[in-house]
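Take a look at the letters that make up each chain.
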Amino acid sequence: MGIFLALNLLVANVLFPPSSPKTISLPYNVFIANLKAGDVTSITSTGNAIQGTFRHPTAASAKSSNKALHFTTQMPTFAGGQLETLLEQHNVTINAQVQSTPALLELLYSFGPTLLFLLIFIWFIRRTASSANGGLFSLGRSQARLYDPERPSATFTDVAGIEEAKAELEEIVDFLRQPAKYERLGGEVPKGVLLVGLPGTGKTLLARAVAGEAGVPFFSISASEFIEMVVGVGASRVRDLFAKAKAAAPAIIFVDELDAIGRSRSVGPSFGGHDEREQTLNQILTEMDGFDSRQGVIVLAATNRADVLDSALLRPGRFDRRVMVLPPDRVGRAAILKIHTRGVPLGDDVDLNNLASQTPGLVGAELRNLVNEAALLAARKGRPAVTMADFTESLEKVLLGAARQIVLSADDRERTAYHESGHALLGLLVPEADPVRRVSIVPRGRALGVTVQSPVDDRQNYPESYLRARIVGALGGRAAEKLIYDVVTTGAESDLQQVTSIARQMVVRWGMSPKIGPLNLSEDPSDQSSMMMSQHSYSEATAQVIDAEVRRIVEECFEKALMLLDENREKLVALTGALLKEESLNEEQILQVTGLAAKPKALPPPIRGIDGRVAAGEPEPAVPSAGAG
Ligand code: ADP
Ligand code: ZN
């Protein structure tokens with residue numbers, strides 16, 4: 001499971017380097033989900049292309065840190081009339097509805113230059129007019145309407161799974177409700193609270209809920225907005241924002257993506273563009289130093305990386321309080337699912353607790369997305385209620401992204417089917433392996449196929465037999481290809497990375513190699529990437545033994561994978577045939593096709609995918625998470 005998330009993050013980073021222009025392109029269904037959540041403020045549409053603006057910077061997927069205020073999406077031609085109703089329901093401003101017919105295009109071509117000239121002219125006149133009354137300053141102030149406060153209706157009942165964070169913010173709510181009490185007692189109330197957590201864990205929601213609970217106005221800005229601004233504007237906006245908030249006190253100021261401007265000034269190259277960042281940051285610091293929290297303004301800021309923040313931000317009197325917003329555990333996930341299914345009709349077979357245990361690693365935004373997807377799917381199939389199967393099917397999409405419209409050659413498709421069948425069959429055949437929930441050859445994201453297995457949830461301890469079963473399963477794709485075609489392809493790259501990573505940790509971290517013995521030779525167990533680097537605390541000779549031991553484990557597992565598949569070749573062929581026909585098979589279908597028995601249901605069934613064939617190699621440091629040992 002961690003694999004997929006890591007994969008998504010990587011793809012997101014590759015496709016959208018953090019400094020890319022702040023417009024993201026969304027799959028249509030994600031746009032609809034955002035629309036339904038009330039996150040879209042306006043759209044402009046041209047033919048089937050839609051450009052729009054979010055209420056807050058938003059990412060295309062929950063795990064992507066690339067948030068943007070603007071987005072584009074493409075409306076499928078079959079998506080008809082409902083959009084307008086939806087837009088109206090959610091008070092979205094519709095700016096234009098231009099049908100880009102060829103005739104119109106022609107018109108544009110002929111009058112375009114004139115039009116452009118006119119626009120420039122108008123812009124010039126307006127600019128001159130505005131600089132007449134204050135120039136740059138008025139530029140800053142004129143944007144201030146962006147920071148008109150909201151009165152969020154969210155409360156703590158809309159937030160789940162992050163109970164500790166909620167508890168820590170209770171105090172702030174109490175203070176905002178009755179600042180006088182604190183004034184009398186002279187108690188120390190934090191001015192700035194840093195909410196630290198992965199994207200989608202609910203930091204923004206939490207900040208809004210604090211304002212909602214306390215019934216105070218909520219001013220929000222996203223620090224990433226400042227990066228592309230003209231020098232001076234950022235600082236002037238910050239000044240304006242604080243002035244407005246003080247006038248409205250008690251109030252909350254929320255700064256999203258603080259790391260966008262708050263990065264440590266000592267790290268990273270300093271390009272010209274950093275000037276604005278630094279000025280904005282300095283202005284925030286000045287403002288924070290310049291008021292007393294007893295004035296009733298509290299600054300909440302969100303970041304997913306506290307470690308990169310400038311130490312000046314963390315000094316006493318600034319963001320000196322830190323609240324960790326951690327990904328929810330199983331109970332938390334069930335509670336979050338409950339919140340987001342409040343208005344959704346659920347089928348009798350839907351068990352949210354079971355669904356929660358199938359989704360370790362998913363954060364709030366992803367769970368919300370899962371519910372949306374499942375509801376869309378049920379609607380598309382004309383069902384009156386959302387079934388468990390809708391959830392299971394949508395999970396794949398949430399984890400890997402929307403299905404890709406690529407046409408594989410018949411050969412590639414068959415090869416992918418064998419590959420995934422290899423993974424799935426070994427998951428069924430090896431007793432210690434996690435039950436196989438689903439296998440599919442629908443290309444998604446970078447993966448050409450996927451096999452979904454579900455390990456024990458919140459597991460802290462991994463027996464060697466389990467780790468070996470995972471290696472065997474992960475090698476199943478390649479083993480199947482070898483067995484059937486006697487050639488191997490690049491498709492198994494990510495599988496092999498996963499395999500190597502587990503085997504290596506068995507040797508250096510968990511003392512599972514007799515030759516190395518019960519030593520932990522990994523540098524820092526919490527930093528799995530450091531193991532990939534070449535800083536050793538052991539000798540060259542030991543390094544060679546480690547390599548040999550890793551190799552031995554992987555080779556033994558590959559032999560086992562080959563042997564098991566060879567012995568069950570007819571099952572492999574049957575599964576591949578069914579997969580080629582159906583594209584996706586659920587647990588029941590897989591068992592039926594292979595004639596194998598289900599694994600005992602003693603354990604709760606969370607989900608993990610062995611990533612299928614990957615179109616192009618992307619490293620995936622997938623490791624059983626959490627501290628074993
Ligand atoms: P972040 O600010 O941490 O990136 P958001 O607060 O923007 O995350 O989360 C996006 C949406 O996901 C929220 O508006 C909410 O609908 C849902 N969500 C996220 N976390 C939670 C949670 N802990 N409980 C309930 N819903 C959540
Ligand atoms: Zn694979």
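Preceding this paragraph is the structure being described.
None of the values given here were measured: they were computed from a predicted structure.

A closer look at the site of ligand 1
In step 1: Of all residues adjacent to ligand 1, which total 18 residues, the nearest are Ala160, Gly200, Lys203, Thr204 and His340.
In step 2: Contacts to ligand 1 include histidine 340, whose side-chain N or O atom sits 2.8 Å from a nitrogen atom.
In step 3: Of all the elements in the fold, those that place two or more residues in the shell around ligand 1 are helix H8 (203–214), helix H13 (330–340) and helix H15 (364–380).
In step 4: Its residues placed into classes, the shell around ligand 1 shows eight nonpolar, six polar and four charged.

Description of the packing of helix H18 (residues 464–485) against helix H19 (residues 493–508)
Helix packing for two helices is described by the angle between their axes and how far apart those axes are.
In step 1: At a closest axis distance of 9 Å, the pairing of H18 and H19 adopts a crossing angle of 160 degrees. It follows from the interaxial angle that H18 and H19 lie roughly antiparallel. Taken as a pair, H18 and H19 cross one another with a handedness that is left-handed. Across from Glu464, Leu467, Arg468, Arg470, Ile471, Ala474, Leu475 and Arg478 in H18, the residues of H19 making contact are Asp495, Leu496, Gln498, Val499, Ile502, Ala503 and Met506.

A look at H18
In step 1: Between its first and last C-alpha atoms H18 spans 31 Å; for 22 residues at 1.5 Å apiece the expected length is 32 Å, and the two agree.
In step 2: Approximately 45 degrees is the largest bend angle found in H18, and it occurs at glycine 476.

What to know about the sheet that holds strand E6 (residues 192–196)
In step 1: Taken in spatial order, the five strands line up as E7-E8-E9-E6-E10 in an open sheet, and their pairing is parallel. The open sheet has two edge strands, strand E7 (218–222) and strand E10 (321–324), and neither has a second partner. The average angle at which neighbouring strand axes cross in this sheet is 20 degrees, direction not considered.
In step 2: One ladder, built from five bridges, connects E7 with strand E8 (residues 251–256); its direction is parallel. Paired with isoleucine 221 across the bridge in E8 is valine 255.
In step 3: Helix-sheet contacts for H8 involve E6, E7, E8 and strand E9 (297–303), and the interaxial angle to E8 is about 170 degrees.

Thoughts on the side chain of arginine 318
In step 1: Relative to the helices and strands, arginine 318 is located in the loop between helix H12 (311–314) and E10.
In step 2: With a relative accessible area of 11%, arginine 318 lands in the buried category.
In step 3: Among the polar contacts listed, one links the side chain of arginine 318 to the backbone oxygen of alanine 312, at a separation of 2.7 Å.
In step 4: What arginine 318 contacts, discounting residues up to four positions off in sequence, is Lys191, Gly192, Leu285, Met288, Asp289, Ala312 and Leu313.

Structural notes on the coordination of the zinc ion (ligand 2)
In step 1: Taken together, His419 (NE2), His423 (NE2), Asp495 (OD) and Asp495 (OD) make up the protein donors of the zinc ion (ligand 2), found 1.9 to 2.7 Å from the metal.
In step 2: Around the zinc ion (ligand 2) sit four donor atoms, and with donor-metal-donor angles ranging over 52 to 147 degrees the site reads as irregular.
In step 3: In the primary sequence, the donor residues of the zinc ion (ligand 2) line up as H-x3-H-x71-D. Here the residue histidine 423 occupies a position in helix H17 (residues 410–429), and aspartate 495 occupies one in helix H19, the gap between them amounting to 72 residues.
In step 4: When its relative accessible area of 1% is taken as the criterion, aspartate 495 is described as buried.

Some thoughts on the nonpolar core
In step 1: By size, the foremost hydrophobic cluster in this structure holds 40 residues, and its most contacted members are Leu467, Ile471, Met506, Ile546 and Leu565.
In step 2: Counting residues per element, the ones that place at least two in this core are H17, H18, H19 and helix H20 (540–567).
In step 3: Among the elements that make up this core, the one with the highest residue count is H20 (eleven residues).
In step 4: Formed by 29 residues, the second largest nonpolar core is a distinct cluster that contains Phe219, Ala251, Ala312 and Phe319.

Focus on the pairing of strand E11 (residues 436–440)
In step 1: Burial within E11 is extensive, with five of its five residues counted as buried.
In step 2: Note that E11 and strand E12 (residues 450–453) share four bridges and pair antiparallel. Its bridge partner lying in E12, valine 439 is registered against threonine 451.
In step 3: Pairing of E11 with strand E13 (residues 584–586) involves three bridges; the strand directions are antiparallel. Across the sheet, serine 440 pairs through a bridge with serine 584, a residue of E13.

Some details on the environment of phenylalanine 71
In step 1: On the secondary structure map, phenylalanine 71 appears in strand E4 (residues 67–74).
In step 2: Along the backbone, phenylalanine 71 and threonine 53 are 18 residues apart, and their C-alpha atoms lie at a distance of 6.3 Å.
In step 3: If we skip the residues at most four places from it in the chain, phenylalanine 71 touches Thr23, Ile24, Leu26, Phe31, Val40, Ile43, Ile50, Gln51, Gly52, Thr53 and Phe54.

Reading the values: rules and limits
- Residues numbered from 1 in each chain as written.
- Chains lettered and ligands numbered in written order.
- Predicted model: local features only at pLDDT ≥ 70, side-chain atom pairs only at ≥ 80, totals over all residues.
- Heavy atoms only, no water.
- Near = heavy atom within 4 Å.
- Polar contact = N/O pair within 3.5 Å; in protein donor to acceptor, adjacent residues only side chain to side chain.
- Helix = DSSP H or I, 4+ residues; strand = E, 2+ residues; numbered from the N terminus.
- Nonpolar A, V, L, I, M, F, W, Y, C, P; charged D, E, K, R; others polar.
- Axes fitted to C-alpha atoms, helices over the stretch in contact; angles between N-to-C directions.
- Parallel < 35°, antiparallel > 145°, perpendicular 65-115°, else oblique.
- Left-handed = near helix turned anticlockwise from the far one by under 90°.
- Contact = heavy atoms within 4.5 Å.
- Expected span 1.5 Å × (residues − 1).
- Bend = angle between axes of the 7 residues up to and from the residue.
- Pairing = 2+ DSSP bridges.
- Buried < 20%, exposed > 50% of the residue type's maximum accessible area, 1.4 Å probe, protein only.
- Donors = N, O, S within 2.8 Å, 3.2 Å for Na, K, Ca; no water.
- Tetrahedral: all angles 85-135°; square planar, octahedral: opposite > 155°, others 65-115°.
- Core = buried A, V, L, I, M, F, W, Y, C linked by side-chain atoms within 4.5 Å.

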